[in-house]
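Listed below are the residues making up each chain.
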Amino acid sequence: MKRWVRDLYKESGYVYATRAWEIAKGAGCPKIARLASNENPSPPSPAVVAAACEAVKGANRYPPENQWDLLAALKRWHPDEHMVLGAGMDGVIETVIRVLVGAGDPVVISTPTFSFYGIAAAAQGARVVLCRREPDFSVNVPAFLQACRGARLAFLCTPNNPTGNVTPPEAVAEILDGMEGVLFLDNAYVEFSGTDYRPLLRKYDNLVIGRTLSKIHALAGLRLGYALVPAWMDPYLEKAKTPFAVSVVAAAAGAAALGEAERAKAYAAHVARWRERYTKEIRWKVHPSGANFVLVDVAPLTGTEAMERLAARCVLVRSCASFPDLADHYLRVSIGEDWENELLIREINAL
Ligand SMILES: *Cc1c(COP(=O)(O)O)cnc(C)c1O
């Protein structure tokens, strides 16, 4: 029966980085520094846990059509924007693609970057067009605009995963001015960057900004994301989205977590402090980052060699070998708790 499976899934799929974890387990590590997935190292607060527990009591019912508490909590962060929710930003990305892209339509992606845009676009039958960044990972705006000619949708991540660099809002504005289709600007890490692209929403009706509660708000395991969208797009996204994608538990925890602005701020400050220390104290080249991770160039080692050796020393990091259009000598290293970061610096310098 396997012959009925689409060719697309016979070849590729999302690459989960599980190898480091297996090596560390095999090495009998007493404690493991988890710096591979850009997660917030602190568990949700007791208030967030309590809200989730309360919500699960009603889990025999489907979620309501409108999750008002969550929407109200988001409104406090984004008073002027239209929003659509999803099961992670990944869910929102799929919905946006469904609305705009049909079989054979080109979708442009600024690479090297997060792999899910390409996977989700290909699933919809799109023709995926990769547009490579400059050697310093800045976006070549004329080349990107050239690639975008005739495209209905393009993806640009800033701060970019895995390179960490920030594309200035002026460059994004130039892209929005020059392209006809819609730009999906992935802002999963924007809260760590001190940059705000939301003012562009008032000027451009072809901009969608993706956001998530997985990173700064510490809810990666609950799958909750959203996008700030132009008003015209709102009703179409509502029609195309997967029904009841945001669970009652995720909605309740999300509303509570969004109320803890001080906590988010403290985490962002912790990240900024450690980014500086990483840059100063790691003996390899550390690329400038506006995110809760940095890209480290470990040449002449390969990313995979370095990842395996660090895992054997109880530190999990991400080898960037699977990212399209990126050389094989990079690691992506998250900022975790103090002890994890200190261990990372010690071990990466000993490679
Ligand atoms: C983590 C991440 C997301 C968010 O994914 P969720 O589905 O919300 O967990 C989106 N884009 C990038 C680039 C990311 O790194």
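Note that the structure is predicted; figures quoted are calculated from it, not measured.

Student: What am I meant to see in the domain arrangement of the protein here?
Tutor: In many analyses, interface size is given as the accessible surface area lost on bringing the parts together. Partitioning the protein into domains gives domain 1 (2–43 + 261–349) and domain 2 (46–257). Summarising the inter-unit geometry, the C-alpha centres of domain 1 and domain 2 are found 23 Å apart. Listed by partner, the interface residues are 31 residues for domain 1 and 30 residues for domain 2. For the pairing of domain 1 and domain 2, the buried interface totals around 2,400 Å² over both sides, and the portion due to carbon and sulfur atoms is 64%. The largest per-residue losses of area from domain 1 upon contact with domain 2 belong to Tyr14, Gly290 and Asp325, which jointly make up 23% of the total buried on that side. Its salt-bridge partner being Asp325, residue Arg132 comes within 4.0 Å of it at the nearest N-O pair. Summed over the shared surface of domain 1 and domain 2, the result is eight residue pairs in polar contact (both at pLDDT 80 or more).

Student: Teacher, can you tell me more about the sheet that holds strand S3 (residues 106–111) here?
Tutor: Note on sheets: strands pair through backbone hydrogen bonds, and any given pair is parallel or antiparallel. Strand order in this open sheet of seven strands is S2-S8-S7-S6-S5-S3-S4, and the pairing throughout is mixed. Here the strands that pair on one side only, and so sit at the sheet edges, are strand S2 (82–86) and strand S4 (127–132). For this sheet, the mean inter-axis angle between neighbouring strands, taken without regard to orientation, is 20 degrees. Of the strand pairs in this sheet, S3 and S4 are connected by six bridges, and their pairing is parallel. Each residue of the ladder has a partner; that of Ser110, found in S4, is Cys131. Packed onto the sheet, helix H4 (residues 68–77) meets S2 and strand S8 (225–229) and runs at close to 130 degrees relative to S2.

Student: Help me understand the site of the ligand, please; the structure alone is not making it clear to me.
Tutor: Taken together, 14 residues surround the ligand, and among them Met89, Asp186, Thr212, Lys215 and Arg223 come closest. Between the ligand and the protein, one listed contact pairs an oxygen atom with a side-chain N or O atom of Arg223 at 2.5 Å. Starting from 390 Å² of accessible surface for the ligand in isolation, the protein chains cover 93%.

Student: Can you walk me through the state of the cysteines in this structure?
Tutor: Linking two cysteines covalently via their sulfur atoms produces the bond known as a disulfide. Scanning the model with the defined rule gives one disulfide in all. Here Cys29 pairs with Cys314 through a disulfide, and the sulfurs are 2.1 Å apart. Between Cys29 and Cys314 the disulfide shows an S-S torsion of about -90 degrees. By sign, it is left-handed. With Cys29 in the loop between helix H2 (19–26) and strand S1 (33–34) and Cys314 in the loop between helix H13 (303–312) and strand S11 (315–316), the pair connects residues that are 285 residues apart, well separated along the chain.

Student: It is not clear to me how the environment of Phe192 should be interpreted in this structure. Could you clarify?
Tutor: With respect to the element layout, Phe192 can be found in the loop between strand S6 (182–186) and helix H9 (199–203). With a relative accessible area of 4%, Phe192 lands in the buried category. Between the C-alpha atom of Phe192 and that of Leu100, which follows or precedes it by 92 residues, the distance is 30 Å. Discounting chain neighbours no more than four positions away, the residues touching Phe192 are Lys215, Ile216, Tyr267, Ala268, Val271, Arg275, Gly290, Ala291 and Asn292.

Student: In this structure, what is going on with the packing of aromatic side chains? I would like to understand it.
Tutor: In this structure the tally under the stated criterion is eight aromatic pairs. Ring pairs connect the aromatic residues Phe114, Tyr117, Phe155 and Phe184, which therefore count as one cluster. Over the ring of Trp339 we find Lys31; its NZ or CZ atom is 4.1 Å from the centre of that ring. Note that Arg332 overlies the ring of Phe293, its terminal NZ or CZ placed 5.9 Å from the centroid.

Student: When you look at the nonpolar core in this model, what are you seeing that I'm missing?
Tutor: One finds Tyr278, Val296, Leu331 and Leu344 to be the most contacted residues of the largest nonpolar core, which totals 69 residues. Domain assignment of the residues forming this core places at least three in each of domain 1 (2–43 + 261–349) and domain 2 (46–257). Counting 47 residues, the second-largest nonpolar core is a separate cluster that includes Val108, Phe144, Ile209 and Leu228.

Student: Would you take a moment to explain H4 for this structure?
Tutor: Think of an α-helix as 3.6 residues a turn; residues three or four steps apart then line up on the same face. Within H4, the full set of buried residues consists of Leu70, Leu71, Ala73 and Leu74. Within H4, the buried residues cover an arc of 160 degrees as seen down the axis, which keeps them to one side. Summarising the geometry of H4, the exposed residues directed more than 90 degrees from the buried face are Trp68, Asp69 and Arg76. If you follow the buried residues of H4, they end up packed against S2, S8 and helix H11 (248–258).

Rules used throughout
- Along each chain, the written sequence defines residue order, and numbers are assigned to residues from 1.
- pLDDT decides what is reported in this predicted model: residues at 70 or higher carry local features, side-chain atom pairs at 80 or more are listed and counted, and totals for whole chains, interfaces and linings draw on all residues regardless.
- Excluded from the side-chain calculations are hydrogens and water; all other atoms, namely the structure's heavy atoms, are used.
- Domain boundaries shown here were taken from an automatic or database domain assignment.
- Contact between two residues is taken to exist if any of their heavy atoms lie within 4.5 Å; hydrogens are not considered.
- Buried area counts how much accessible surface, traced with a 1.4 Å probe, disappears from two parts once they are put together, with both parts' losses summed.
- Salt bridge, as applied in this entry: a Lys or Arg side-chain nitrogen positioned within 4 Å of an Asp or Glu carboxyl oxygen.
- Under the rule applied, a polar contact is a pair of N or O atoms within 3.5 Å (in protein, one hydrogen donor and one hydrogen acceptor; residues adjacent in sequence only if both atoms are side-chain atoms).
- Strands are labelled as partners when DSSP assigns at least two bridges between them.
- In this description a helix means any DSSP run of H or I spanning at least four residues, a strand means any run of E spanning at least two, and both kinds are numbered starting from the N terminus.
- To obtain an axis, a line is fitted to C-alpha atoms, over the contacting stretch when the element is a helix, and the angle between two such axes runs from 0 to 180 degrees between their N-to-C directions.
- Note on definitions. A residue lies near a molecule or strand when any single heavy atom of the residue is within 4 Å of it.
- Using a 1.4 Å probe, the Shrake-Rupley method yields the accessible areas, and only the shown protein chains count as cover for residues.
- A pair of sulfur atoms, both from cysteines and within 2.5 Å, is called a disulfide here.
- Throughout this description, buried means an accessible area under 20% of the type-specific maximum (1.4 Å probe, protein chains only), exposed means over 50%, and partly exposed covers the range between.
- In summary, the pairing rule links any two rings of Phe, Tyr or Trp, Trp by its six-membered ring, whose centres are within 6.5 Å, and it sorts them by plane angle into stacked for under 30 degrees, edge-to-face for over 60 and tilted for everything else.
- Charge-over-ring placement is defined geometrically: NZ (Lys) or CZ (Arg) within 6 Å of the ring centre, and within 35 degrees of the ring normal.
- Residues belong to a common nonpolar core when they are buried Ala, Val, Leu, Ile, Met, Phe, Trp, Tyr or Cys residues joined through side-chain atoms within 4.5 Å.
- Along the arc lie the directions from the helix axis toward the C-beta atoms.

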